[in-house]
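Per-entry structural report
Next come the chains, spelled out residue by residue.
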Amino acid sequence: MNRTLITNIKGLVQANRSHVIMGSDMKELPIIDDAWLLIQGEEIAAVGHMNHMPHSDVTDVIDATNRFVLPAYCDSHTHIVFAGSREGEFVDRVHGLTYEEIAKRGGGILNSAKRLQTTSEDELFEGALSRIHEMTMTGTGAIEIKSGYGLSYDAEIKMLRVIRRLKEASDLTIKATFLGAHAFPAEFKENRAAYVDLLVDRLIPLIADEGLADYNDVFCDRGFFTVNETDRILEAGNKHGLKPKIHANELDYSGGVQVGVKHHALSVDHLECVGDDEIKTLLGSKTMPTLLPGTAFFLKIHYPPARKMIDAGLPVALASDYNPGSSPSGNMNFVLTLACLYLGMSPEEAINAATLNSAYAMGVMDELGSIAPHKKANLFITKEIPSVGYIPYAYGRNVVDKVMINGKLK
Ligand code: NIG
Ligand code: FE
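Below, the structure is looked at part by part. Nothing here was measured: the structure is a model prediction, and the numbers come from that model. (Residues numbered from 1 in each chain as written. Chains lettered and ligands numbered in written order. Predicted model: local features only at pLDDT ≥ 70, side-chain atom pairs only at ≥ 80, totals over all residues. Heavy atoms only, no water.)

Tracing the backbone shows Ser 370 in the loop between α14 (356–361) and β14 (379–382). Accessibility expressed as a relative area gives 2% for Ser 370, which makes it buried. Only 2.7 Å separates the side chain of Ser 370 from the backbone oxygen of Arg 17, close enough to count as a polar contact. A polar contact of 2.8 Å, which involves the side chain of Ser 370, links it to the side chain of Lys 375. Leave out the neighbours within four places in its chain, and Ser 370 touches Gln 14, Arg 17, Ser 18, Pro 71, Leu 356 and Lys 375. (Helix = DSSP H or I, 4+ residues; strand = E, 2+ residues; numbered from the N terminus. Buried < 20%, exposed > 50% of the residue type's maximum accessible area, 1.4 Å probe, protein only. Polar contact = N/O pair within 3.5 Å; in protein donor to acceptor, adjacent residues only side chain to side chain. Contact = heavy atoms within 4.5 Å.)

Here's what the structure looks like:
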């Protein structure tokens, strides 16, 4: 079995812990200075200080002088299976239309759905695989992927089959989320209950039976799914063992946070519209508030009140929301930059949010999110940099030099 030793690490980040980080603890990021890290096969075997080096046989040595080693990012919210791009809508927004206006006239999610329905499974698979590669090279080692551009029985199943193939083909840890409730298809606009019936009575039972998804999602927001509709869909998912991870409170105080917590959601995501009531609800729960600052940036909407949430004692996770409409990038380093500049988070808080807390938000904290013995060796080595603050500082550049997934360099 391969035994790789990384030596002379300037700072080994997020070493030896594995729990959700919340409130004032979020500013504490454990870093071992002048460290080594031993990887055996696919796993982390041990970490330590250069004063006490392991003497056991090693097969490879990587010198990390002046470099930091971080656990690979866990991107707990993406939509990377899609057909085509939507730069036309981007240009429309540059000229003054809003995201909601574009959605109302049949663009947005429905635009992506139309294109996806006529795109083959193979093409969708190849497109998503190349996005996974691109994300890996910027330091991501685990990805949650949603359906939701199918919006019909056949096309939703097609998307989930593509995600299943990605799980088999990629070394990254991938989780699949069913998001049939992403938007109402045009033909159901006048009969919304019939679409919810299709999700609840036909799709959720089949998807659960065939193991096509790990989680269940609803876009609970103004102009999309109501609290009552969300309630029905989450209840059906829970009945079939699909825990919720939902889109909530992006466009309005939608009640999404409350209905998500009521159904024991693993995470509620977006949260641009969060007030005292939502914070209170989250404080009493095991639901991870997940922030997607790339979306607020790209849609030019206001950012979630991250500072207020953390200061109230909450944990937060960060994810990219990579999708063709509201956030066409999966670069988590840039997400850290946005979190520092516009969510008022320190680099340490942002790194905690994008590693352990986001690992929790996608149900993989036992195996990923930190550098600790027996966890998967999914990590990255930076270029030569002076401090971890340099990662969000150097925006738009790639500070990631080498990426290791399951003990193998990519
Ligand atoms: O997370 N908010 C809902 N869904 C996606 C956007 C999807 C799209 O515009 O294609 C999101 O931002
Ligand atoms: Fe999303």
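This part takes up the sheet that holds strand β6 (residues 73–78). Spatial ordering of the open sheet is given by β6-β7-β8-β9-β10-β11-β12-β13, a layout of eight strands whose pairing is parallel. The open sheet has two edge strands with one neighbour each: β6 and β13 (317–318). Here four bridges tie β6 to strand β7 (residues 140–146), and the two strands are oriented parallel to one another. Note on β7: the bridge partner recorded for Cys 74 is Ala 142. (Pairing = 2+ DSSP bridges.)

Turning to helix α9 (residues 276–283), its buried residues are Glu 278, Ile 279 and Leu 282. Mapping the buried residues of α9 onto a view down its axis gives an arc of 100 degrees, with all of them on the same face. Across from the buried face of α9, at angles greater than 90 degrees, the exposed residues are Asp 276 and Lys 280. (Arc of directions from axis to C-beta.)

Right, let's talk about the coordination of the iron ion (ligand 2) for a bit. For the iron ion (ligand 2), the full set of protein donor atoms is His 77 (NE2), His 79 (NE2), His 247 (NE2) and Asp 321 (OD), and the range of their distances to it is 2.1 to 2.3 Å. Mapped onto the sequence, the donors of the iron ion (ligand 2) take the spacing H-x1-H-x167-H-x73-D. One end of the pair, His 247, is in strand β10 (residues 243–248); the other, Asp 321, is in the loop between β13 and α12 (332–342), with 74 residues separating them in the sequence. (Donors = N, O, S within 2.8 Å, 3.2 Å for Na, K, Ca; no water.)

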